[in-house]
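Chain by chain, the residues:
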Number of protein chains: 2
Amino acid sequence: MSDNSIPKIVISRLPVYLRALSRMINKGQLVTSSHELGKALGISSAQIRKDLSHFGEFGKQGTGYQVEFLITQLSQILNLDREWEVAVIGSGDIGHAITRYQGFADRGFRVSVIFDSDPQKVGSYINGLEVMHASQIVKVLRERNIQIAMLAIPAEYAQKVTDTVVDAGVRAILSYAPISLNVPDHVRVSYIDPVTHLQSMTYYLSTEQDLMSQPL
Amino acid sequence: MSDNSIPKIVISRLPVYLRALSRMINKGQLVTSSHELGKALGISSAQIRKDLSHFGEFGKQGTGYQVEFLITQLSQILNLDREWEVAVIGSGDIGHAITRYQGFADRGFRVSVIFDSDPQKVGSYINGLEVMHASQIVKVLRERNIQIAMLAIPAEYAQKVTDTVVDAGVRAILSYAPISLNVPDHVRVSYIDPVTHLQSMTYYLSTEQDLMSQPL
DNA sequence: AAGCGTGTGTGAAATATTTCTCAATATGTA
DNA sequence: TACATATTGAGAAATATTTCACACACGCTT
């Protein structure tokens, strides 16, 4: 059933399914089931089936799913049957780690250009890539038609740099800066801020009060 | 109204509110409103008010919220009115970047110990911290009563190391390894996998087909 | 070829989450 | 003081998301 519009939360789970399926294939596993996949991921089998049903019928009753086939399908759905070029902005510790991270190349993305505004860093090489000056962002991104940028810069500069990369044609931004960004409707933004994760978890830590032990 | 149990999704937004409020204070802003905060974060004012109403009445009708007061309240709710010690496992690029990241210290967390199993790295210093051997994890974490661990290790080792830190008493894990972890009920896990973010966004990129242009 | 165990896809029901509204209250101004 | 404007907190309504439950189908065994 091609639905009018798939819930965003469903889309956000597909990469997680893909990740688990890839592990299965690497272990030589050819077939799986929604139950098994759900157990590995800590979610219900019904949810997995419902999620997949938005895009078609990929399983076989009584049997389950062919792992490789499902990977192919999910990759197509997510437009991962091509390689995406990514720009990294900022060559500090985070930009450095991102640029060298092998996990991108393995899963459809290639960091193909990195920028910094610090003259000390411009011209140096990270993972074989020369750090270019930030003033070149618009020119280079347009030339290479790069649509994805990762921001590894301080919060103070994040909005300004965002405006720049959007101007350069970027339509997806993954920001490591701890600040909410304003972008036009046609641009997607995701955030990675480890501190917000930690701060949510500490809510539950406290002094481990037993929630069941409340009087009455 | 103290509810029986606050939705997890509400808790996950509080750190984001806190982040925005901190920026306001730093700019000297003393008062804000749900409307203004929502605009800065791209969410509705009603949602912010509803979220906060789970914990009490922090605003004043007609006026809004005292920024500093709200920060204090949110910090208490999230148990951030203390400093949390964090252990980093893995001293590769990511572990390195995490350990040096200033953003933790500023927001309630202190990386106070780092481990690696590579003899080449054990004994070296990162940000003034000596890298300890992974075999010391249980001993050191128990001694210091550390309850939060960040995993910056390859996926293959992640489950084993998770079991180790859980054994050592850790109750919150932030994992950078691209794999879903199994933990006992009393342990919280958050994941940071930049690739899943990118893969969700590429769903929307495609060749920018206009969704309105479907025939019929 | 019939019976059994397994597992999908899906409508319906149950929950969860967000948005809508508006009475109540605060501030500023004339 | 009266009035205009702003903004909260919360019940109700609207949406969104998850879970339930089961008909249907596949593969294996006998």
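Every chain is numbered independently, its residues counted from 1 as its sequence is written. Written order decides the labels, with chains lettered from A and ligands numbered from 1. Residues qualify for local features only when their pLDDT is at least 70, as the model is predicted, and side-chain atom pairs are given and counted only at 80 or more; totals for whole chains, interfaces and linings, by contrast, use all residues. With hydrogens and water set aside, each side-chain value is computed from the structure's full complement of heavy atoms.

## Examining the domain arrangement of chain A
Domain segmentation is taken from an automatic or database assignment of domains. For chain A, the assigned domains are domain 1 (8-77) and domain 2 (84-195). Placing a centre on the C-alpha atoms of domain 1 of chain A and another on those of domain 2 of chain A gives a separation of 31 Å.

## Some thoughts on the confidence of the model for chain A
Each residue gets a pLDDT score, which is the predictor's confidence in that residue and runs from 0 to 100. In the predicted model, chain A carries a mean pLDDT of 94, and 94% of its residues have values of at least 70. Every residue in residues 209-216 of chain A scores below 50 in pLDDT, and together they form 0 contacts with partners more than four places removed in sequence or on other chains. Two residues form a contact once any of their heavy atoms are found within 4.5 Å.

## Examining the interface of chain B and chain A
Each partner contributes residues to the interface: chain B has 58 residues there, and chain A has 57 residues. Here's the idea: put two parts together, see how much 1.4 Å probe accessible area each one loses, and the total over both is what we call buried area. Summing both partners gives a buried area of about 5900 Å² for chain B against chain A, and 61% of it is carried by carbon and sulfur. Definition used for salt bridges: Asp or Glu carboxyl oxygen within 4 Å of a side-chain nitrogen of Lys or Arg. Taking the shortest distance from any N to any O, the salt bridge between Asp193 of chain B and Arg107 of chain A comes out at 2.9 Å. Any pair of N or O atoms that falls within 3.5 Å is considered a polar contact. Within protein, one atom must be able to donate a hydrogen and the other to accept it, and sequence-neighbouring residues count only if both atoms are side-chain atoms. Here chain B is connected to chain A by 16 residue pairs in polar contact (both at pLDDT 80 or more).

## Description of the protein's contact with DNA strand D
We call a residue near a molecule or strand whenever a single non-hydrogen atom of that residue lies within 4 Å of it. Taken together, 25 residues are adjacent to DNA strand D, and Arg13 and Gln61 of chain A together with Ser34, Arg49 and Gln61 of chain B come closest. Backbone sugar and phosphate groups make up 67% of those atoms of DNA strand D lying within 4 Å of the protein. Taking Gln47 of chain A, its side chain carries an N or O atom lying 3.1 Å from a sugar or linking oxygen of DNA strand D. At a separation of 3.2 Å, a phosphate oxygen of DNA strand D approaches a polar side-chain atom of Glu57 of chain B. Listing elements by their share of the surface near DNA strand D, those giving two or more residues are helix H1 (8-26) and helix H3 (45-53) of chain A together with helix H3 (45-53), strand E2 (59-60) and strand E3 (64-66) of chain B. Note that Gly is not counted as nonpolar here; it falls among the polar residues with everything else outside the nonpolar set of Ala, Val, Leu, Ile, Met, Phe, Trp, Tyr, Cys and Pro and the charged set of Asp, Glu, Lys and Arg. Of the residues that constitute the surface near DNA strand D, the class distribution is 4 nonpolar, 13 polar and 8 charged. The way it works is that DSSP assigns letters per residue, a run of H or I at least four long becomes a helix, a run of E at least two long becomes a strand, and they are numbered from the N terminus.

## Comments concerning the relation of the copies chain B and chain A
Alignment of the copies relies on least squares applied to C-alpha atoms, considering only residues that score at least 70 for pLDDT in both. Taken as rigid bodies, chain B and chain A are interconverted by a rotation of 180° and an axial shift of 0.0 Å, the fit giving an RMSD of 0.0 Å. Given the turn and translation reported, the copies of this chain are related as if by a two-fold rotation axis. Take the interface residues of chain B: 98% of them recur as interface residues in chain A, which is what a same-surface contact looks like.

## Focus on the pattern of salt bridges
Tallied over the entire structure, the rule returns 16 salt bridges over all chains. Where salt bridges share partners, they join Arg19 and Arg107 of chain A together with Asp193 of chain B into one cluster.

## A look at the protein's contact with DNA strand C
Taken together, 25 residues lie around DNA strand C, and Ser34, Arg49 and Gln61 of chain A together with Arg13 and Gln61 of chain B are the ones closest in. In this structure, a phosphate oxygen belonging to DNA strand C sits 2.7 Å away from a side-chain N or O atom of Ser34 of chain A. Within the side chain of Gln61 of chain A, a nitrogen or oxygen atom sits 3.0 Å from a base oxygen of DNA strand C. A per-class count over the surface near DNA strand C returns 4 nonpolar, 13 polar and 8 charged.

## Let's talk about the environment of Ile192 of chain B
Mapped onto the elements, Ile192 of chain B comes out in the loop between strand E10 (188-191) and helix H9 (194-205). Relative accessibility under 20% of the residue-type maximum defines a buried residue, over 50% an exposed one, and the middle range a partly exposed one, all with a 1.4 Å probe and only protein chains included. We classify Ile192 of chain B as buried; its relative accessible area is 2%. Leaving out residues up to four positions away in the same chain, Ile192 of chain B has contacts with Ile192, Pro194 and His197 of chain A together with Leu174, Ser175 and Tyr176 of chain B.

## Quick look at helix H7 (residues 137-144) of chain A
Residue and element names in this part refer to chain A. Buried within H7 are the following residues: Ile137, Val140 and Leu141. Buried residues in H7, looked at end-on, bunch into an arc of 95°, giving them a common side. Tucked into the core, H7 has its buried residues touching strand E4 (84-89), strand E5 (109-116), strand E7 (129-133) and helix H8 (155-167). A positive phi of about 55° marks Asn145, the residue just after H7. Here the arc refers to the set of directions running from the helix axis out to each C-beta atom.

## A look at the packing of aromatic side chains
Two aromatic rings from Phe, Tyr or Trp, using only the six-membered ring of Trp, form a pair when their centres are within 6.5 Å; if the ring planes differ by under 30 degrees the pair is stacked, by over 60 it is edge-to-face, and anything between is tilted. In this structure the tally under the stated criterion is 6 aromatic pairs over all chains. Taking 5.3 Å as the distance between ring centres and 90° as the angle between the ring planes, the aromatic pair formed by Tyr101 of chain A and Phe104 of chain A counts as edge-to-face. For the pair Tyr101 of chain A and Phe104 of chain A, one class covers both residues: buried. When the ring of Tyr203 of chain B is compared with that of Tyr204 of chain B, the centres are 4.9 Å apart and the planes differ by 90°; the resulting orientation is edge-to-face. The class of Tyr203 of chain B is partly exposed, set by a relative accessible area of 21%. Its guanidinium or amino end placed over the ring of Trp84 of chain A, Arg82 of chain A lies 3.4 Å from that ring's centre, counting from NZ or CZ. The rule for a charge over a ring is simple: NZ of Lys or CZ of Arg within 6 Å of the ring centre, and within 35 degrees of the ring normal. The ring of Tyr204 of chain B has Arg188 of chain A sitting right over it, with the charged end atom 3.7 Å from the ring centre.

## A closer look at the sheet that holds E2 of chain B
Residue and element names in this part refer to chain B. The rule for pairing is simple: two strands pair if DSSP sees at least two bridges between them. On the basis of which strands lie adjacent, the open sheet formed by 3 strands has the order E1-E3-E2 and antiparallel pairing. Every other strand in the sheet has two partners, leaving strand E1 (31-32) and E2 as the edge strands with one partner each. To define axes, lines are fitted to C-alpha atoms, for helices over the stretch in contact only, and angles between the resulting N-to-C directions are given on a 0 to 180 degree scale. Helix H4 (residues 67-77) rests against E1 and E3 of the sheet, and its axis sits at about 75° to E3.

## Describing unusual backbone geometry
Residue and element names in this part refer to chain B. Even without a glycine there, the phi angle at Asn79 is positive, about 60°. Locating Asn79 in the fold gives a position in the loop between H4 and strand E4 (84-89). Taking relative accessible area as the criterion, Asn79 reaches 16% and is therefore assigned buried.

## Remarks on the pairing of E4 of chain A
Looking along a regular strand, one sees the side chains alternate between the two faces of the sheet. Residue and element names in this part refer to chain A. Counting buried positions along E4 gives 5 out of 6 residues, so the element sits mostly inside the fold. Pairing analysis gives 6 bridges linking E4 to E5, with the strands arranged parallel. Following the sheet pairing, Ile89 is matched in E5 by Phe115. The pairing of E4 with strand E8 (residues 148-151) spans 4 bridges and is classified as parallel. Bridge pairing in E8 places Val86 opposite Ile148.

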